[in-house]
Amino acid sequence: MHQLSHADVQAAADRIAGLVRPVRVVPGGPGGVWLALEYMQHTGSFKARGAVNFLRAHREAGTLPDAGVTIASGGNAGLACAWAARQQGVRATVFLPVNAPAVKVARLRGYGADVRLAGGEYAEALAACEEFAAASGALASHAYDHPLVAAGAGTLLGEVHRQVPGLDTVVVSVGGGGLFAGVATAARAHGVRTVAVEPENCRALHAALAADAPVDVPVDSVAADSLGARRASATALAAARHRDVRTVLVPDAAIVRARRDLWEEHRIAVEHAAATALAALGTGYRPAQDERVCVVLCGANTDLTTLAGADGADGSDGDDRDDA
């Protein structure tokens, strides 16, 4: 396992400079709470950072093949990979389950991706992607479990830190752990604490900490489309073992409420996965009175019509079993 370092994140920041949108940070209300509007990133989520870093690093190393890049994901990671590949003039082949929503297929093709449908669930699409990579020589990417992807995600912390003097704590949602691992690594270098937030029934990181190793878990949450990783990455587990990291579980009701509050109070429309981070405030994590806290709103690929409804159902375009 590659131990992620702040040097990895700094190298990623240099690679992606000028190619992604710097995160905007705004006050989140009274007190010391700030919101990092990363949902405004290219393709609607933080995933663009890791995708660009992954491709640029391989180009620098001369390991970017003519066959291009391939990934199994019809959500945020797939969109980011296809977008970054087009930006870099690289072919992208994206594998999805046969029942993937047509809107996802259309968006991916809009970015110029070669979309291939395989199997009835993500695991089967992933197997087909791996088989394709082996046969074609295409470079296999991953939605979250790769050091270059995690380091790219971590670049947003430095941008947040520059905009919030005296930042004490950053709060992030966790699925597979790519965003968390990158942000926590960078935060530690700046003396900033990290709060890692998972839905109660999508607790891959909690389970890994309890078992002292990544383990498979069942997933069942309103945010499972993006945070329903069955297993956290080893890199995320390593990051979570540090004393400056706190892990929190939140119920679905709090996630739904946080997402609706963001819309009703700020007119911010995000995925349930992004609202999961905010749901921790007052649920499992209560900041001190003078604590300066920034909550990362990591993705906005969601069905806007669900914001007007009374239930928590969401037809989100979030990632397949992955952090937002």
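Everything that follows concerns the structure shown earlier in this document.
Description of the structure in this document.

So, how was this worked out
Residues numbered from 1 in each chain as written. Predicted model: local features only at pLDDT ≥ 70, side-chain atom pairs only at ≥ 80, totals over all residues. Heavy atoms only, no water. Helix = DSSP H or I, 4+ residues; strand = E, 2+ residues; numbered from the N terminus. Rg over C-alpha atoms; globule rule 2.2 N^0.38 Å. Buried < 20%, exposed > 50% of the residue type's maximum accessible area, 1.4 Å probe, protein only. Contact = heavy atoms within 4.5 Å. Areas by Shrake-Rupley, 256 points an atom, 1.4 Å probe, with all protein chains shown as cover. Salt bridge = Lys/Arg side-chain N within 4 Å of Asp/Glu carboxyl O. Axes fitted to C-alpha atoms, helices over the stretch in contact; angles between N-to-C directions. Parallel < 35°, antiparallel > 145°, perpendicular 65-115°, else oblique. Nonpolar A, V, L, I, M, F, W, Y, C, P; charged D, E, K, R; others polar.

This paragraph deals with the overall build of the protein. If you tally the helices and strands in the protein, you get 12 helices and 10 strands. Here the protein has a C-alpha radius of gyration of 18 Å; the compact-globule value for 324 residues is 20 Å, and the two agree. When each of the 324 residues of the protein is scored for burial, the buried share is 58%. The long-range fraction of contacts in the protein, counting pairs at least 24 apart against all pairs at least 6 apart in sequence, stands at 72%. With an accessible surface of roughly 12,500 Å², the protein has 50% of that area assigned to carbon and sulfur atoms.

Moving on, we get to the side chain of His58. For His58, the location among the structural elements is in helix α2 (residues 47-61). Setting aside chain neighbours within four positions, we find His58 in contact with Thr63, Leu64, Leu139 and Leu148.

With that settled, the discussion passes to the pattern of salt bridges. Think of it this way: side chains of opposite charge can pair up when their charged atoms draw near. For the coordinates displayed, the defined rule picks out seven salt bridges. Residue Arg49 is joined to Glu159 by a salt bridge in which the shortest nitrogen-to-oxygen separation is 2.8 Å. Here Arg49, found in helix α2, pairs with Glu159, found in helix α6 (residues 147-163); they are 110 residues apart in sequence, far enough to count as distant. Each member of the pair, Arg49 as well as Glu159, is classed as buried. Across the pair Arg193 and Glu291 runs a salt bridge whose closest N-O atoms are separated by 3.4 Å. One end of the pair, Arg193, is in strand β8 (residues 193-199); the other, Glu291, is in the loop between α12 (272-279) and β10 (293-296), and 98 residues separate them in sequence. Judged by its relative accessible area of 42%, Arg193 falls in the partly exposed class. Overall, Glu291 belongs to the buried group, its relative accessible area being 9%. Ionic contacts of the salt-bridge type, sharing partners, join the residues Glu38, Arg49 and Glu159 into one network.

Turning to the packing of helix α1 (residues 6-16) against α6, a few remarks are in order. It is the contact of α1 with α6, at a shortest axis distance of 8 Å, that shows an interaxial angle of 75°. Compared by their axis directions, α1 and α6 come out roughly perpendicular. For the pair formed by α1 and α6, the contact residues are Asp8, Val9, Ala12, Ala13, Arg15 and Ile16 on the first element and Leu148, Ala151, Gly152, Gly154 and Thr155 on the second. Broken down by class, the residue content of the contact of α1 with α6 amounts to six nonpolar, three polar and two charged.

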